[in-house]
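# Structural overview for review
Spelled out, the chains give:
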Amino acid sequence: MIQPEPVSAIVIVKNGARFLAEALSSIQRQTLAPCETLVVDGGSTDGTAEIARSFPGVRYLLQPHGGISNAYNYGIEQAQGELLAFLSYDDLWTPDKLAVQAGYLAAHPECQYAVCRIRYFCEPGDAPPAGFRPEWLSQEPVAYIMETLVARRSLFARVGLHRTDLATGGDTDWFARVFDAHEIGHACDQVLLHKRVHRDNSSLTAPDSNDQLLKILRNSLRRKRAAG
């Protein structure tokens, strides 16, 4: 059996004291332990820093510039592993997530990244945000989002980091660039991420997400035309 390369777990958070401990616990329960866990804090004013520092082996980092894209970029730049995995403060990895995805990449050196299926769950007592569709709770789609991703560091060197001029949709733009570059990826056919639905889901409440998506699609079309 080929040994997977070291994995850095990168958690981005801002005012996430409500859920951060559960997210970090799901990292610590991995059957394939990451070589490090980085918590990138976007300037929290609650107990986020104290919670992060209470977990052994966690590197707590205060990001120098605001925004989700900057948080991911800073985490990528600071990470030391050859493989990079990502988790939001309010989501949970299944215990075998890193073992499954890093194991696949180890067995398939031509593959540059792996994603997986997700399962939504509602936070008790919270009403879902307006953008959430109830039927999603019964579905387990393959999701091309940062929280499902395990990628080789070299992929970011080729494709680039997240664009910081996009208020939302930085991960959508990044995956679009990966697809346009014809990088080889793999979608694991099992649920490895549990995605929490709660009243403060930023990805479901962003008011300009449709405008950002149109901008991303136009950029992708320009790249394809330029490539012939």
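Please read all numbers here as calculations on a predicted model, not as lab measurements. (Residues numbered from 1 in each chain as written. Predicted model: local features only at pLDDT ≥ 70, side-chain atom pairs only at ≥ 80, totals over all residues. Heavy atoms only, no water.)

A tally of regular secondary structure across the protein gives eight helices and nine strands. For the protein, long-range pairs separated by at least 24 residues make up 79% of all intrachain contacts whose partners lie at least 6 apart in sequence. (Helix = DSSP H or I, 4+ residues; strand = E, 2+ residues; numbered from the N terminus. Contact = heavy atoms within 4.5 Å.)

Applying the stated criterion to the full structure yields nine aromatic pairs. Of the aromatic side chains, those joined through ring pairs into one cluster are Y72, F86, Y113, Y144, F156, W174, F175 and F179. (Phe/Tyr/Trp six-rings, centres within 6.5 Å; stacked < 30°, edge-to-face > 60°.)

Take unusual backbone geometry next. Generally, phi is negative for residues other than glycine and the peptide bonds are trans, each holding for most cases. Of note, the phi angle at N15 is positive, near 50°, even though the residue is not glycine. Considering the arrangement of structural elements, one finds N15 in the loop between β1 (7–13) and α1 (20–28). Judged by relative accessible area, N15 falls into the partly exposed class, the value being 34%. (Buried < 20%, exposed > 50% of the residue type's maximum accessible area, 1.4 Å probe, protein only.)

Turning our attention to the pattern of salt bridges. If you walk through the whole model with that rule in mind, you get 12 salt bridges. As a salt-bridge pair, R117 and D189 come within 2.6 Å of each other at their nearest N and O atoms. Of this pair, R117 sits in strand β6 (residues 113–122) while D189 sits in strand β9 (residues 185–197), placing them 72 residues apart in sequence. Here the salt bridges do not stand alone but share partners, grouping R163, D165, D173 and R177 into one network. (Salt bridge = Lys/Arg side-chain N within 4 Å of Asp/Glu carboxyl O.)

Here D96 lies in the loop between β5 (92–93) and α4 (97–107). Spatially, the C-alpha atoms of D96 and S26 are 10.0 Å apart, while their sequence positions differ by 70 residues. Polar contacts involving the side chain of D96 include one to the side chain of T94, which spans 2.8 Å. (Polar contact = N/O pair within 3.5 Å; in protein donor to acceptor, adjacent residues only side chain to side chain.)

Within the sequence span of α4, burial applies to K97, L98, Q101, A102, G103, L105 and A106. For α4, the secondary structure elements touched by its buried residues are β1, β4 (83–88), β5, β6, β8 (150–152) and β9.

On to the nonpolar core, then. One broad trend across soluble globular proteins is that nonpolar side chains are buried collectively. Counting residues in hydrophobic clusters, the biggest one holds 38 residues, and the most contacted among them are V39 and W93. Elements with a contribution of two residues or more to this core: β1, α1, α2 (48–53), β3 (58–62), β4, α4, β6 and β9. V39 has contacts with V11, V13, L24, A52, V58, R59, Y60 and L61, leaving out every residue within four places of it along the chain. (Core = buried A, V, L, I, M, F, W, Y, C linked by side-chain atoms within 4.5 Å.)

We now examine the pairing of β3. Strand direction decides the pairing type here: strand β2 (residues 36–41) and β3, joined by five bridges, are parallel. Along β3, the bridge assignment pairs L38 with R59. Remark: the β2/α2/β3 crossover connection has right-handed handedness. (Pairing = 2+ DSSP bridges. Right-handed = clockwise from strand over helix to strand, strands pointing away.)

Attention now moves to the pairing of β1. The buried fraction of β1 is high, at seven of seven residues. Burial of β1 is two-sided: the residues V7, A9, V11 and V13 facing one way and the residues S8, I10 and I12 facing the other way are all buried. Sheet analysis places β1 next to β4, joined by six bridges and oriented parallel. Residue pairing in the sheet places A9 in a bridge with A85 of β4. In terms of strand pairing, β1 meets β2 through six bridges, oriented parallel. Its bridge partner lying in β2, V13 is registered against D41.

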